[in-house]
Amino acid sequence: SALGPYEGPLHLGSHVNGGLIKALGFDNVFSNALTGYDVGSSVGGSDFNPFDKSEAEVQRFCQSYMTELAKYVGPDIDHPTMGMGVS
């Protein structure tokens, strides 16, 4: 990003789809622009619903998800934050 690293939330839940991610990304772009926050905008997620899974299932999913995401995040690249279904 021309402004610096990207910043945005990760969302998990059965309600997550492409349209939601696009809408939240659009909202995040304007939020960052209006507040003068010097970062780009990113939003991501999965339709994995952690609320009806065992702790072991959630742990396996999160480890796999973050292993893949780690290729794209870092102090100069991206700052994922908590979103819906992520705690």
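In this text, all values refer to a predicted model and were calculated from it rather than measured experimentally.

Draft legend 1. Quick look at the packing of aromatic side chains. With the rule as written, the count across this model stands at three aromatic pairs. Pairwise contacts between aromatic rings join Phe48, Phe61 and Tyr65 into one cluster. The aromatic ring of Phe48 is capped on one face by Lys53, whose charged end is 5.1 Å from the ring centroid.

Draft legend 2. Molecular detail of the pattern of salt bridges. Scanning the model with the defined rule gives two salt bridges in all. For Asp52, the salt bridge goes to Lys53, with nearest N and O atoms at 3.0 Å. Since its relative accessible area comes to 31%, Lys53 is described here as partly exposed. A salt bridge links Lys71 to Glu68; the shortest N-O distance between them is 2.9 Å. The class of Lys71 is exposed, set by a relative accessible area of 55%. Judged by its relative accessible area of 45%, Glu68 falls in the partly exposed class.

Calculation notes
Residues numbered from 1 in each chain as written. Predicted model: local features only at pLDDT ≥ 70, side-chain atom pairs only at ≥ 80, totals over all residues. Heavy atoms only, no water. Phe/Tyr/Trp six-rings, centres within 6.5 Å; stacked < 30°, edge-to-face > 60°. Lys NZ or Arg CZ within 6 Å of the ring centre and 35° of its normal. Salt bridge = Lys/Arg side-chain N within 4 Å of Asp/Glu carboxyl O. Buried < 20%, exposed > 50% of the residue type's maximum accessible area, 1.4 Å probe, protein only.

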